[in-house]
Amino acid sequence: MDQTIDMKDIDKDIDAILKAYVAVNSETCTPGEKGAEAFLLDYLGNIPYFAQHGDHFGSYGIQDDPLERSVCWAMVKGEGEETVILLHHSDVVGVEDFKTLKRHAFCPDQLEEELKKISAELQPEAREDLHSGDYLFGRGAADMKGGGAIQLALLKRYSELHGLKGNLILLALPDEENLSAGMRAAVDLLAELKEKYGLRYLYAFNSEPHQRKSRDNGLISEGSVGKILAFVYVRGFLSHVGKVFEGLNPVPLLSEIVGRTELSPGFSDNVRGESAPPPTWLYLRDRKETYDVSMPLSAGGCISILTLDSNPMAVLKNLKEVSAESFQSIIDRMNERYAVFCGNTGRKPSKLPWRPSVITYAELLQEARRAHGEAFDVSYRKKLDAVNESIKKGELDLMESSFLLTDHVFNFISDLSPRVVLGFVPPYYPNVSNLLVPNLSEGQKSLAAMISDYSAKRFGQKYEREYYYTGISDLSYLAITDSAGIREELEKDMPLYGSAYSIPLEMIEMLSMPSMNIGPWGKDFHKLTERVYKPDLYVRTPVLLNRAIQLILSNTASV
Ligand SMILES: [Zn+2]
């Protein structure tokens, strides 16, 4: 039987799909995302195969989603259990920085004309690319409706094959630019399809745009970086600004922790010569509500930490150590300055009473529970429900919610000496890499090399392989190890885990499959000059992705 699809005119198909897909403004976390679903269901419903097999495609609702979004999916069911998954996200980021060009953001042809009028304002590289005619501009053109259009055009061609050996599933996912609610729901869908049709998932391909290290070499990724958002809550000891040595201001302590962790190589995993981009603080404020002459009682912030092989437990341990060192250095500095102040004012110098104390959110909860038992539990549950209600209504974000809960627990704490409390805020993206997926076949292991060789022969272009896509992607939810340990950690120290946010961790571990990102070259994602490289979009990426699907589905004997 013939496993080869007809690639004739696929460039024209991709162009038409992409322009129609981009025209739908599916800005993440807005009702516009439903527009992408409608577009996809319409596209799929018009393919003869799916018109005949109405149960092989559809929308899969995300539970409790305030925007009632769904995952769009489609399956070309061939023979046997071997299955390849194609996935992409259907949401895009906003267009704030398009200024007067906002209304052209979703029409690549018009946008190109408009950009030419203001090309003097663009960065030199963007200007050069604009005039070269080699790039297609538009919101989502690169990130990632370009990759999505390639997948949709390939899926249609696979649906026209007779007697396909294996199965091909496509997932189009909402909310990737926010909390990946789409991919987290799609894990359940994949488990259901696996059960219903007896599928075996051999490989998943995402088609996020790649960024090149050098102009000449493409890049494919065999995994995706993890992302953990940790919160640091510092409870100080309040005093009047005229009596500063009687208090401990949480602001300098939090600042010290920020200074020691921001861009710190100590939080940047290194695996086989690849390093995670070091961490950065996304949120930082004291918790004082109005001005008065007291120092703030508490302050909090959130640090985003990207990981290659650290799990939440390891990150927490690291953060705990740095926080304790920061605490000690702040106390030392206060003592030094107090000694000078005492000298200047004829006071008898003495040591200040502060001791470093760094605890986890779970330890804080235990302390409150020990002191107040059932009364605390009842009150905490009530507060958690109220916070969740506000999150649903869009009145509270996940970071502020976590701090409000911490504030609430402190109402039940009798030891009010200063301390640092550490925990996590959603979302959590596990790091994933084929390096960590056990029992891969030779075919699965050598796929990246085979794609690169094929590309070199066919296009005269090499592809470099990296183990981790650093742009953060939905691939994070396709493999995990130690799901039980990670669940336990998140349940303990992520206050919103299990209510506003959860991850089907055990299911992910059960499904664990190798994955790869093969996407077109793109530049300036999330910016006005977002663009995708046409030779990749129309010619090379579809050929390479198709080659990858063929290699995996035809190689099944050795899997
Ligand atoms: Zn993306």
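Let me sum up the structure you'll find in this document. These numbers were taken from a predicted model, which means no experiment stands behind them. (Residues numbered from 1 in each chain as written. Predicted model: local features only at pLDDT ≥ 70, side-chain atom pairs only at ≥ 80, totals over all residues.)

1. What to know about helix α2 (residues 32-45)
With 14 residues, α2 extends 20 Å from end C-alpha to end C-alpha; this agrees with the ideal 20 Å at 1.5 Å per step. Among the residues of α2, E33, A36, E37, F39, L40, Y43 and L44 are the ones counted as buried. Taken down its axis, α2 places every buried residue within 160 degrees of arc, on the same side. Each element contacted by the buried residues of α2 is listed here: α1 (10-23), α3 (48-52), β1 (57-61), β2 (70-77), α6 (141-159) and β5 (165-173). (Helix = DSSP H or I, 4+ residues; strand = E, 2+ residues; numbered from the N terminus. Expected span 1.5 Å × (residues − 1). Buried ≥ 20, exposed ≤ 12 C-beta atoms within 10 Å, placed from the backbone. Arc of directions from axis to C-beta. Contact = placed C-beta atoms within 7 Å.)

2. With respect to the sheet that holds strand β12 (residues 280-286)
The five strands are arranged β12-β13-β9-β15-β14 in an open sheet whose pairing can be described as mixed. Unpaired on one side and paired on the other, β12 and β14 (358-360) mark the two borders of the sheet. Each adjacent strand pair in this sheet contributes to an overall mean axis angle of 20 degrees, direction not counted. Here strand β9 (residues 226-235) pairs with strand β13 (residues 298-307) via 10 bridges, running antiparallel. Paired with R235 across the two strands is S298, which belongs to β13. (Pairing = 2+ DSSP bridges. Axes fitted to C-alpha atoms, helices over the stretch in contact; angles between N-to-C directions.)

3. A word on the pairing of β5
Within a regular beta strand, the side chains point alternately toward one face of the sheet and then the other, so they alternate between its two faces. For β5, the tally of buried residues reaches eight of nine residues, placing the bulk of the element in the interior. Pairing geometry for β2 and β5, over six bridges, is antiparallel. Each residue of the ladder has a partner; that of V76, found in β5, is L168. Direction of pairing for strand β3 (residues 79-89) relative to β5: parallel, over a ladder of eight bridges. Of the residues in β5, the one forming a bridge with H88 is A172.

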